[in-house]
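Residues per chain, in single letters:
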Amino acid sequence: MSAGALNWWQIVALFGAVQGTVVALALAARRPRRTPNLLLAALVLAFALHLVSVVYYSADLVGSLPHFFGLTQPLPLAFGPLLYLYAITASGQQHRLGLRDWWHALPVLALYVWGLPIYLLGSEEKLALFRAIQAGQLPLQSRVAIPLVLLSGVVYTVATLVALGRHQSVVAENYSSLERVNLQWLRWLALASALIWLTALVFEAADSAQWTVPLPGDFVVAVGITVVIHAIGFWGLRQPEVFRYVTAEHAIVPPPPEPVSELPSEPRPELLSDPSPPRYERSGLSSREAEALKARLLAIMDDKHLYRSADLTLGDLAERLDTTPHRLSEVLNALLGQSFYDFINGYRVREVQARLLGPDGARLTYLALALDAGFASKSTFNAVFKKHTGMTPSEYRRAQPG
């Protein structure tokens, strides 16, 4: 293929680069300006520049544009950190970047500094170096960069998936409906990234072993990145903030630690002489205060039916009870043995159960009953109803006498 002539997959890659640039600009310009949007914009722009570089080298454009040679080589080192930082900020685990987060950029910066002598070469020297690389004579920088990029991609993708899995429990502690706060979009993005890195690893291993492969690795990876860019363009721009606590008054409450029982070998005098009731470790609630808060909680749920609000959060309910999310969360976990999600949805299920057996059960659909009770979707209703009753709504109705 002559220099400058593009084949079909290179055209696809260029189209992906253009799309990525547009998506990145749209994300960066989105209002209100949020840290997750800026990180996702940076990730998509890095993808777009990488696609341009793939076309640049594979179409042998170095002779025509030698001064761009090597400029994008460190960029893939930014893919993993940007994905990880996007995941933890979009999921509410971290609201903004701090000084300690900038160490993620050190490998990219170090590789750019190391490459300065190459960037300062003249046109003929850059072209000669490119021809040498084509012949298999990789400079030390490339021999170090390739495995470093692959290692970074794998490590950060695993870290992203672990962070998302660990944080799933926080969702149940703060939200009664998961439709607008679920992590499926982030998991999909992380899994797509994992697939792309796995593909790159396979092709790198095949190249090292000098195996014959039906398609060039650059082609497969470029097409994969292009698909991801288009998916981000569709989902990333329409995805709401995963956690609206980013701007809300109350902070996200982490799941409580497992209680540790410490039994002394013999009674300590200070314990025997201290008549004060035990206090909850995190919030400082006494047993009497906790029981009083529990009674107020149950009363307001029965009287006000707050569970019928699909967007009800732990912070909302704590505000109605004039307490803090931490204290309310401890009462739910310690005295009721439930997460906030299970507690609220238990009320919703019981309301549907009662109405199924009354006049509404004959004239309203399951979905109508579910939406009235506070469920946000039919799929969630069916899953939660079966979890609480062991039956589907139709099985439950058929099992009732009469």
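Residues numbered from 1 in each chain as written. Predicted model: local features only at pLDDT ≥ 70, side-chain atom pairs only at ≥ 80, totals over all residues. Heavy atoms only, no water.

A. Broad picture of the side chain of Ser377. Relative to the assigned elements, Ser377 resides in the loop between helix 16 (366–373) and helix 17 (378–389). Here Ser377 falls in the buried class, since its relative accessible area comes to 17%. A distance of 3.3 Å separates a polar atom in the side chain of Ser377 from a polar atom in the side chain of Ser379. (Helix = DSSP H or I, 4+ residues; strand = E, 2+ residues; numbered from the N terminus. Buried < 20%, exposed > 50% of the residue type's maximum accessible area, 1.4 Å probe, protein only. Polar contact = N/O pair within 3.5 Å; in protein donor to acceptor, adjacent residues only side chain to side chain.)

B. Structural view of the nonpolar core. The biggest cluster of nonpolar side chains holds 51 residues, and the ones touching the most others in it are Leu40, Val44, Tyr86, Leu189 and Ile232. Contributions of two or more residues to this core are made by helix 1 (8–29), helix 2 (35–58), helix 3 (76–90), helix 4 (106–114), helix 7 (140–174), helix 8 (184–208) and helix 9 (217–238). (Core = buried A, V, L, I, M, F, W, Y, C linked by side-chain atoms within 4.5 Å.)

C. Here's a closer look at the layout of surface pockets. The calculated volume of the largest pocket comes to roughly 1700 Å³. As for the largest pocket, its lining consists of 48 residues, and the residues nearest its centre are His50, Val54, Ile146, Glu204 and Asp218. Going through the elements one at a time, helix 1, helix 2, helix 3, helix 6 (123–134), helix 7, helix 8 and helix 9 are the ones with two or more residues in the lining of the largest pocket. Of the residues that constitute the lining of the largest pocket, the class distribution is 31 nonpolar, 13 polar and four charged. (1 Å grid on protein atoms, 1.4 Å probe; cavity = no way out; pocket = protein on both sides within 12 Å on 5 of 7 lines; lining within 4 Å. Points joined across faces, edges and corners; volume = space filled by probe spheres on them. Nonpolar A, V, L, I, M, F, W, Y, C, P; charged D, E, K, R; others polar.)

D. Representation of the side chain of Asn345. Within the secondary structure, Asn345 sits in helix 14 (residues 340–356). With a relative accessible area of 0%, Asn345 lands in the buried category. Separated by 2.8 Å, the side chain of Asn345 and the backbone oxygen of Tyr341 make a polar contact. In this structure the side chain of Asn345 is engaged in a polar contact, spanning 3.2 Å, whose partner is the side chain of Arg348. Each residue touching Asn345, except ones within four places of it in the same chain, is listed here: Ser176, Phe375, Val384 and His388. (Contact = heavy atoms within 4.5 Å.)

E. Molecular detail of helix 17. For helix 17, spanning twelve residues, the distance from its first C-alpha to its last is 16 Å, which sits close to the expected 16 Å at 1.5 Å a residue. Here helix 17 has its buried residues at Thr380, Phe381, Val384 and Phe385. Here the buried residues of helix 17 occupy an arc of 125° about the axis, which is enough to place them on one side. Summarising the geometry of helix 17, the exposed residues directed more than 90 degrees from the buried face are Ser379 and Lys387. Packing partners of the buried residues in helix 17 comprise helix 14, helix 16 and helix 18 (393–399). Positive backbone phi, at 80°, marks Gly390, one or two positions downstream of helix 17. (Expected span 1.5 Å × (residues − 1). Arc of directions from axis to C-beta.)

F. Summary view of the environment of Ser53. Considering the arrangement of structural elements, one finds Ser53 in helix 2. Looking at Ser53, the relative accessible area reads 7%, which means it is buried.

G. Fine view of the packing of helix 1 against helix 2. For the pair helix 1 and helix 2, the least separation of the axes is 8 Å and the interaxial angle reads 160°. Here helix 2 runs roughly antiparallel to helix 1, going by the angle between their axes. Helix-helix and strand crossings are classified by hand; for helix 1 and helix 2 the assignment is left-handed. The segment helix 1 lies against helix 2, with Trp9, Gln10, Ala13, Leu14, Gly16, Ala17, Gly20, Thr21, Val23, Ala24, Leu27 and Ala28 engaging Asn37, Leu38, Leu40, Ala41, Val44, Leu45, Ala48, Leu51, Val52, Val54, Val55 and Ser58. Taken together, the residues of the contact of helix 1 with helix 2 break down into 18 nonpolar, six polar and no charged. (Axes fitted to C-alpha atoms, helices over the stretch in contact; angles between N-to-C directions. Parallel < 35°, antiparallel > 145°, perpendicular 65-115°, else oblique. Left-handed = near helix turned anticlockwise from the far one by under 90°.)

H. Inspection of helix 8 at higher detail. For helix 8, with 25 residues, the first-to-last C-alpha span of 36 Å sits near the 36 Å given by 1.5 Å per residue. Those residues of helix 8 lying buried are Trp185, Leu186, Leu189, Ala190, Ala192, Ser193, Ile196, Trp197, Thr199, Ala200 and Ala206. One or two positions beyond helix 8, positive phi appears at Gln210, with a value near 60°.

I. Representation of a nonpolar patch on the surface within the structure. A cluster of nonpolar side chains, Val154, Val158, Val162, Leu195, Leu198, Leu201 and Val202, forms an exposed patch at the surface whose accessible area comes to about 580 Å². Elements supplying a minimum of two residues to the nonpolar patch: helix 7 and helix 8. Mapped onto the elements of the fold, Val202 is located in helix 8. (Patch = residues over 30% accessible without salt bridge, like charges linked within 9 Å, V, L, I, M, F, W, Y side chains within 5 Å. Areas by Shrake-Rupley, 256 points an atom, 1.4 Å probe, with all protein chains shown as cover. Salt bridge = Lys/Arg side-chain N within 4 Å of Asp/Glu carboxyl O.)

J. Summary view of the environment of Ala290. By the element assignment, Ala290 lies in helix 11 (residues 287–304). Separated by 37 residues in sequence, Ala290 and Arg327 place their C-alpha atoms 8.2 Å apart.

K. Broad picture of the packing of aromatic side chains. Counted under the stated rule, the structure contains 16 aromatic pairs. Residues Trp8 and Phe219 carry aromatic rings whose centres are separated by 5.4 Å and whose planes lie at 75° to one another, so their mutual orientation is edge-to-face. Of this pair, Trp8 sits in helix 1 while Phe219 sits in helix 9, and the two are 211 residues apart along the sequence. Relative to Tyr347, the ring of Tyr307 has its centre 5.4 Å away and its plane inclined at 25°; by these criteria the two rings are stacked. Here Tyr307 is found in the loop between helix 11 and helix 12 (314–320), whereas its partner Tyr347 is found in helix 14, with 40 residues between them in sequence. Taking the relative accessible area as the measure of exposure, Tyr347 reaches 11% and is therefore buried. In this structure an aromatic cluster arises from ring pairing among Tyr56, Tyr57, Phe68, Phe69 and Phe130. Looking at Arg350, its charged tip hangs above the ring of Tyr347, at a distance of 4.6 Å from the centre. (Phe/Tyr/Trp six-rings, centres within 6.5 Å; stacked < 30°, edge-to-face > 60°. Lys NZ or Arg CZ within 6 Å of the ring centre and 35° of its normal.)

L. Quick look at the pattern of salt bridges. On inspection of all chains with the given rule, the structure shows six salt bridges. Two residues, Arg355 and Asp372, come together in a salt bridge whose shortest N-O distance is 3.3 Å. Linking Arg355 in helix 14 with Asp372 in helix 16, this pair joins segments that are 17 residues apart in sequence. The residue Asp360 makes a salt bridge to Arg363 at a minimum N-O spacing of 2.9 Å. Remark: Arg363 and Asp360 occur in helix 15 (residues 360–363); sequence separation between them is three residues, near one turn of the helix. Through salt bridges that share partners, Arg355, Asp360, Arg363 and Asp372 make up one connected network.

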